Amino acid sequence: MLIAMTREVSPNIENCALTYLERHAIDIDLARTQHRQYEESLAALGCQIHHLPAEPDLPDSVFVEDTAIVLDELAIITRPGADSRLPETASVAKALEPYRKLYHIKAPGTIDGGDVLRIGKTIYIGLSSRSNLAAIDQVKGFVQPYGYAVEGVSVAGCLHLKSAVTQVAKDTLLINRDWVDAGTFGAMALIDVDPQEAHAANALLVSEKVIYPTSYPRTQERLEKHGILLATGDVSELIKAEGAVTCCSLIFQHRD
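A. Spatial organisation of the sheet that holds strand E4 (residues 75–77). As summarised here, the arrangement of the 3 strands in space is E3-E4-E5, forming an open sheet in which the pairing is mixed. Taken across any chain shown, the strands that pair with only one partner, and hence form the sheet edges, are strand E3 (68–70) and strand E5 (102–104). Between one strand axis and the next, the sheet turns through 20° on average, direction left out of account. Bridge count for E4 against E5 is 3 bridges, and the pairing is parallel. When the bridges of E5 are listed, Ile-77 appears paired with His-104. Those strands touched by helix H2 (residues 89–96) are E3, E4 and E5, and its axis lies near 160° from that of E4.

This is the structure in structure tokens:
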């Protein structure tokens, strides 16, 4: 069974940390509606929703992906790169404890889950403003006994690695080549975002289908032409908080 761990939108999301986007007013009611619809999409794709309550004092806490890296054999509790987000990890660790053995990133390491892209047994980690080499070294120590390889990837012009590239099929990535070196990913097939939609590379593959924002219709058309099956949804208010569809969930197999 697939578990999708999510968290309700904070009532203070307007005070979110922004790095690359200008601040715009966020309609909190609409953000909550969009988030519920996102959860409904996950459920329709076979996920059981493990819903965490809102954290009123933590504006970015809806973006639970940044707080943990969940693999089949273990979970790593991150140490987010923005100081304001450090308190988010405690409740997520408590929620994950029944499902996985936990490891914890320690200072001086910093890492956001949005910088972590797992493709098979290779884990790519973005070297961004939020994630550093000290954290990558710790991740290597945690996962290498389980047969994973870890590669650091330079990222420029965006917040996270998964702002620049995500997996949309078993052998296919959606990518913005201006933000990450396409040669990093070997033999994977690549679909380029439309040049007019720089932020369009974030997509969430769940089983055989991809949850994708309606904000990027040109890139959506490219995905459809490549035969990618999409479940589209409006996450426009969450995008204003520098979030995306991967950010709002931790998805993993529940093991008996």
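There is more to say after this.
B. Geometry of the pairing of strand E2 (residues 47–52). Looking at chain direction, strand E1 (residues 2–7) and E2 are connected through 6 bridges and run parallel. Note on E2: the bridge partner recorded for Ile-3 is Gln-48.

C. Spatial organisation of helix H5 (residues 217–225). Listed in full, the buried residues belonging to H5 are Thr-219, Gln-220 and Leu-223. Viewed end-on, H5 has its buried residues packed into an arc of 105°, placing them on one side of the element. Gly-227, located one to two residues past H5, shows a positive phi value of around 80°.

D. Inspection of the state of the cysteines at higher detail. Following the criterion strictly, the structure yields 0 disulfides and no others. Here Cys-16 stays unpaired: no disulfide links it, and the sulfur of Cys-247, its closest cysteine neighbor, is 12 Å away.

E. Summary view of the packing of aromatic side chains. According to the stated counting rule, one finds 4 aromatic pairs in the structure shown. Their ring planes at 65° and their centres at 5.1 Å tell us that Tyr-99 and Phe-252 sit as a pair that is edge-to-face. Pair noted here: Tyr-99 is in the loop between H2 and E5 and Phe-252 is in strand E15 (residues 250–253), with a separation of 153 residues, a long-range link. On the accessibility criterion, Tyr-99 (16% relative accessible area) is buried. Here the aromatic rings of Tyr-103 and Phe-142 are separated by 5.0 Å at their centres, their planes lie at 40°, and the arrangement is tilted. Of this pair, Tyr-103 sits in strand E5 while Phe-142 sits in helix H3 (residues 133–143), and the two are 39 residues apart along the sequence. What makes Tyr-103 buried here is its relative accessible area of 18%. Of the residues examined, Phe-142 reaches a relative accessible area of 17% and is grouped as buried. Of note, Lys-121 hangs over the ring of Tyr-148, and the distance from its end group to the ring centre comes to 3.7 Å.

The rules behind the values
Each chain carries its own residue numbering, running from 1 in the written order of its sequence. For a predicted model such as this one, the threshold for reporting local features is a pLDDT of at least 70, and the threshold for listing and counting side-chain atom pairs is 80 or more; totals across whole chains, interfaces and linings nevertheless cover every residue. Side-chain numbers come from the whole structure's heavy atoms, not from hydrogens or water. A pair of strands is treated as paired once DSSP finds two or more bridges between them. Every helix listed is a DSSP run of H or I at least four residues long, and every strand listed is a run of E at least two residues long, numbered separately from the N terminus. Helix axes are fitted only over the stretch in contact, all axes being lines through C-alpha atoms; the angle between N-to-C directions runs from 0 to 180 degrees. We call two residues in contact when some of their heavy atoms are within 4.5 Å. Three labels apply to residues, based on accessible area from a 1.4 Å probe with only protein chains included: buried if under 20% of the type maximum, exposed if over 50%, partly exposed otherwise in between. The arc in question is the one spanned by the directions pointing from the helix axis to the C-beta atoms. The definition used for a disulfide is geometric: two cysteine sulfur atoms within 2.5 Å. Within 6.5 Å between ring centres, the rings of Phe, Tyr and Trp (the latter by its six-membered ring) count as paired, and their orientation is classed by plane angle as stacked under 30 degrees, edge-to-face over 60, tilted in between. Sitting over a ring, as applied to charges here, requires NZ of Lys or CZ of Arg to be within 6 Å of the ring centre and within 35 degrees of the ring normal.

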